Amino acid sequence: MTNDKGPVTSYLFQLIAKQVDEHSLVVWYDPEQVYADAVADLDLPETTVVRYEGSFFQLRHDIDHLMNGLQPPRLVVYVPAERADTHHALIELEAAGTIMQPGQQPPNRNTRLAIIARNALRTMLGEETAAEVEKQAAAGKLTLADLNALAVKGKEISSGILTLVYGTANPQEVALAFLSSERLDFEVEKKSARKELVGLLRTAFDAEAPESMGLADFRERLARHVLMTDLMAGFAKAVPHPLASVKVATTPAGIDHCVRLARAWRNNRDVRDSYVIAAQRIEQESILDKLDFDPAKVVEVETFLVLERTLLRHVEQELLEHAAPPLLALAESRLARFWPDVIPAIQARWALIAAAGAVLLEANRVSEEIKKAPTSIPALVNAYAEDHQPWCLLDTHHRHMESRWYNFDPQMGDEHDGLEKLVIKAGQRYAQVGSDLAKHFVIQFQKAKHPIDGLLRQREIFETQIKPKLEESKVAYVWVDALRFEMARELGRLLKDDFEVNLRPALATPPTITEIGMSALLPKAHLSAKVVPVGSGKLGLAIEGKVIKDRNDRITFMKEHAGVSVFAAKLDDLLPKPSKKIRDNIQNAQLVLITSQEIDELCEQDNIAQARLQMDGVLSHLRRGVRVLADLGVKTIVLVADHGHIFADELGEDMKIDSPGGQVEDLHRRVWVGIGGTSAPSYFRTHLGSLGIDSDLDIATPWTFACFKAKGGGRAYFHGGISPQELIIPVLTLVGSAKVESAPSGIVWTLKPGSNKLTTRFYSVQIAGQQSQASLFGLEAPKVRLEIRANKNCVSVPVSASYGYEDATGEVALRVSGQDSSRIENNTVTLMIADEISQQTVNIVLLDASTGLELAKLDAIEVAISL
């Protein structure tokens, strides 16, 4: 839309543009045809303008292709006729959008020429002159062309000097430049234009101020006036009583101008810092933090930070009292709003609230369903792992929440008691429901006849899932220590675009510890596998008389009995890229055995905070690792686990129970294996043989999430028992080569930091992308990862994003803008500093998530904090 069609026409077009932005579809009736000549010049971004030419059938035919979406298109339908004379021919379009016509309410949809003329000219000609022009236009003495000519002439007289200073006399543009910076004040005073500036802005924004007021004082008064008007307009008729006497704009035009200016000031990243400073000053001066705002009334009001904090506290409290889906939806919707975009800690807090809400809602659902849970193990495994909404989602949501909580760094002075209580409640609710599920599962497992028909056993995986595939192609057999089923489920979702993904559950071999579970994945385990003591409080698995104790034993046994050439390596050997020797060995072997102990190594060190921080990084490493294998020609990749795990709240004294004692061959927090000793109601005890495991030993494990008293051991991370989280393991099969990726080309990337200095542990960066040239295939939005690097080392972890954040990996799935198909929708990503920084500056790096290739970079961001 251009401004060379005359000021009155431009003002009209601005009104239409605003309605299109708010409603998408506008039906514009012009019975007097006063705008008939102007319609041809109406040009709005990504908007179709259609004119009624005498046939409503033809009109509907012309726009029919635009009406196929779920949302109305950006469309203006101009009808040079009286609405009543159309006999409701366009009723469907009116219902889908809005109407503009002479006399329409509210005022910003009223297109009566006299009203348009007055509002357009009052800032240029003054109130009195504009009122006189309105009367003449109402009497039919002035046409649109006449009014545009009057406006141009008046503009030249009244605002030419301001144009010399600001490059424009448009009140919105002048006000934005004036409010956001003092840099042109000297020029205004030098040209003696203060009176004209104050007069223009006072009139345009319906503000009170003497023309003799100094510029600094006027700037503060105008900022207060604009922001308080924006606040009041957001409340509509529900203005809090203490604010009822505050002076704000009262005319429809003045209110509209203030609201639009406040929005433009906030949303312009080049000047929004000045908005934040002004808003926080006005908030403090007005003592807004002492007022009780109705949370239901401030959802759409973004003027002041106090309103965002009101919503934060409200949602936290409501979730504490009663978790409900609308509260979760509200928390998720706030991630892309203004204050969360400006203050990274606010965005991170909303993300954490949403994660806690998801845990509570999922716990409530699972709790209700296990009241009528099936009693057969196959049905329970299906409910936990394979239903449309499997119970293992509770574990996923809890893992995400705990990761966010340990990544969260409350700002000095921030109140977060409610947030802490919410996270604690969600953790307690998870442990409660998890214990209930575990007890039901263990009871039914005790009753079942072993081996259980219809379920894949861990000991059968090589024979049934690996051996047949070796006859067809090269296979990678990936052993991931402690990979819980729900984590593999999430990993499969991330890989579904690159591979044919098949995930099925299997039952691990009790006791669910590494020495037994890893060995049970070997050849011949389906024929002969006996749990035996090997001394020093350790167990091993004897396969055909050969006792397997550790990784070296397992690799040797695999090479001797796999029946094909085997190459063994660790996941770390593949990342970030394998050496030539590793590549050659992979290509020359028929079976590639990859082992990963990252989860166990992280968690069994008992550094809970670090484990929470890094847990999801394991999935990112696995994702990269399987892509490397595929790129090296591996057609089939099978990921399996030795056991799962429980990673809940730190173990309290009330959750510790005495073990059976007796002759102890192995004792972990979650399992006792031995001979003799006692039995107690607090745990399930049986002979391993009754569970289908060849052994001379007994096993005991708590019914719930409780743990045995034992020296050492983890405080929050456990395995060894037979809860679903520990016993149900994943068999994730990936088939087909992932396409070889390169960094997305044809996109010009822009990174805009939230601030020029790194002053807190939270830091935000806006990612923007624009297609550099037209493409037949359209713009494809990639997944990306953002990092803060000090001396080439990543010192950050991703926390949240406006949209598309992947909890599993910290990656962000970008998307194409719905308004411009050649542009990536802007996305603000929040990062948290995880390591100490000794350098004075850091770099911000944008990476393609699939390839790890660098897309964009910001250098030399000053570090202004001591971490």
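The shown structure was predicted, so the numbers you read here are calculated from the model rather than taken from an experiment.

### Side note on the overall build of the protein chain
Consideration 1: A count of helical and extended segments in the protein chain gives 28 helices and 33 strands.
Consideration 2: Viewed in the frame of its principal axes, the protein chain has a C-alpha envelope of about 110 × 55 × 55 Å.
Consideration 3: Averaging the coordinates of the 95 positive side-chain charges in the protein chain and doing the same for the 115 negative ones gives two points 2 Å apart.

### Brief notes about the sheet that holds strand 2 (residues 48–51)
Strand pairing within a sheet occurs via backbone hydrogen bonds; the two strands may be parallel or antiparallel.
Consideration 1: Here four strands make up an open sheet; going across it, the order is 2-3-1-4 and the pairing parallel. Every interior strand has two partners, whereas the edge strands, strand 2 and strand 4 (98–100), have only one. Between one strand and the next, the sheet's axes are offset by a mean angle of 20 degrees, whatever the strand orientation.
Consideration 2: Strand direction decides the pairing type here: strand 1 (residues 25–29) and strand 4, joined by three bridges, are parallel. The residue of strand 4 that forms the bridge with Trp-28 is Met-100.

### Some thoughts on the pattern of salt bridges
Consideration 1: This model, assessed by the stated rule, comprises 45 salt bridges.
Consideration 2: Between Asp-859 and Lys-857 there is a salt bridge; the shortest N-O distance is 3.7 Å.
Consideration 3: Residue classification places Lys-857 among the partly exposed positions, given a relative accessible area of 42%.
Consideration 4: If you follow the salt bridges from partner to partner, you end up with Arg-399, Arg-484, Glu-486, Glu-490, Arg-493, Lys-783 and Glu-806 in one network.

### A short note on the side chain of Thr-9
Consideration 1: With respect to the secondary-structure elements, Thr-9 resides in helix 1 (residues 7–23).
Consideration 2: Given the relative accessible area of 3%, Thr-9 is considered buried.
Consideration 3: Other than its neighbours up to four places away in sequence, Thr-9 contacts Ala-38, Leu-144 and Asn-148.

### Some points on the pairing of strand 8 (residues 530–535)
Consideration 1: Direction of pairing for strand 8 relative to strand 9 (residues 538–543): antiparallel, over a ladder of five bridges. Directly across from Val-532, in strand 9, lies its bridge partner Gly-540.
Consideration 2: In this structure, the hairpin formed by strand 8 and strand 9 is closed by a connection of two residues, where Ser-536 is found at a positive phi of approximately 60 degrees.
Consideration 3: As paired strands, strand 8 and strand 19 (residues 694–695) are joined by two bridges and run parallel to one another. Looking at strand 19, one finds that Lys-530 is bridged to Asp-694.

### Details of helix 13 (residues 272–285)
What sets the pattern is the α-helix's 3.6 residues per turn: residues three or four places apart point alike.
Consideration 1: The first and last C-alpha atoms of helix 13 sit 20 Å apart over 14 residues, in line with the 20 Å expected at 1.5 Å per residue.
Consideration 2: The complete set of buried residues in helix 13 reads Arg-272, Ser-274, Tyr-275, Val-276, Ala-278, Ala-279, Ile-282 and Glu-283.
Consideration 3: Looking one or two residues past helix 13, Ile-287 carries a phi angle of roughly 50 degrees, positive in sign.

### Examining empty space enclosed by the protein
Consideration 1: All told, the structure shown has seven cavities of 30 Å³ or more when counted by the stated rule.
Consideration 2: Taken as a whole, the largest cavity encloses approximately 150 Å³ of empty space.
Consideration 3: Surrounding the largest cavity, 14 residues form its lining, Arg-457, Leu-507, Ala-508, Leu-691 and Ile-693 being those nearest its centre.
Consideration 4: Here the residues of the lining of the largest cavity sort into eight nonpolar, four polar and two charged.

### A word on the pairing of strand 26 (residues 762–771)
Consideration 1: Strand 26 sits mainly inside the fold: nine of its 10 residues count as buried.
Consideration 2: Across seven bridges, strand 24 (residues 747–753) lies against strand 26 in antiparallel orientation. When the bridges of strand 26 are listed, Val-748 appears paired with Gln-770.
Consideration 3: Pairing between strand 26 and strand 31 (residues 823–833): eight bridges, direction antiparallel. Residue pairing for strand 31: Gln-770 is matched across the bridge by Arg-823.

Rules and cut-offs
Residues numbered from 1 in each chain as written. Predicted model: local features only at pLDDT ≥ 70, side-chain atom pairs only at ≥ 80, totals over all residues. Heavy atoms only, no water. Helix = DSSP H or I, 4+ residues; strand = E, 2+ residues; numbered from the N terminus. Lys, Arg positive; Asp, Glu negative; His and termini not counted. Charge placed at Lys NZ, Arg CZ, Asp CG, Glu CD. Pairing = 2+ DSSP bridges. Axes fitted to C-alpha atoms, helices over the stretch in contact; angles between N-to-C directions. Salt bridge = Lys/Arg side-chain N within 4 Å of Asp/Glu carboxyl O. Buried < 20%, exposed > 50% of the residue type's maximum accessible area, 1.4 Å probe, protein only. Contact = heavy atoms within 4.5 Å. Expected span 1.5 Å × (residues − 1). 1 Å grid on protein atoms, 1.4 Å probe; cavity = no way out; pocket = protein on both sides within 12 Å on 5 of 7 lines; lining within 4 Å. Points joined across faces, edges and corners; volume = space filled by probe spheres on them. Nonpolar A, V, L, I, M, F, W, Y, C, P; charged D, E, K, R; others polar.

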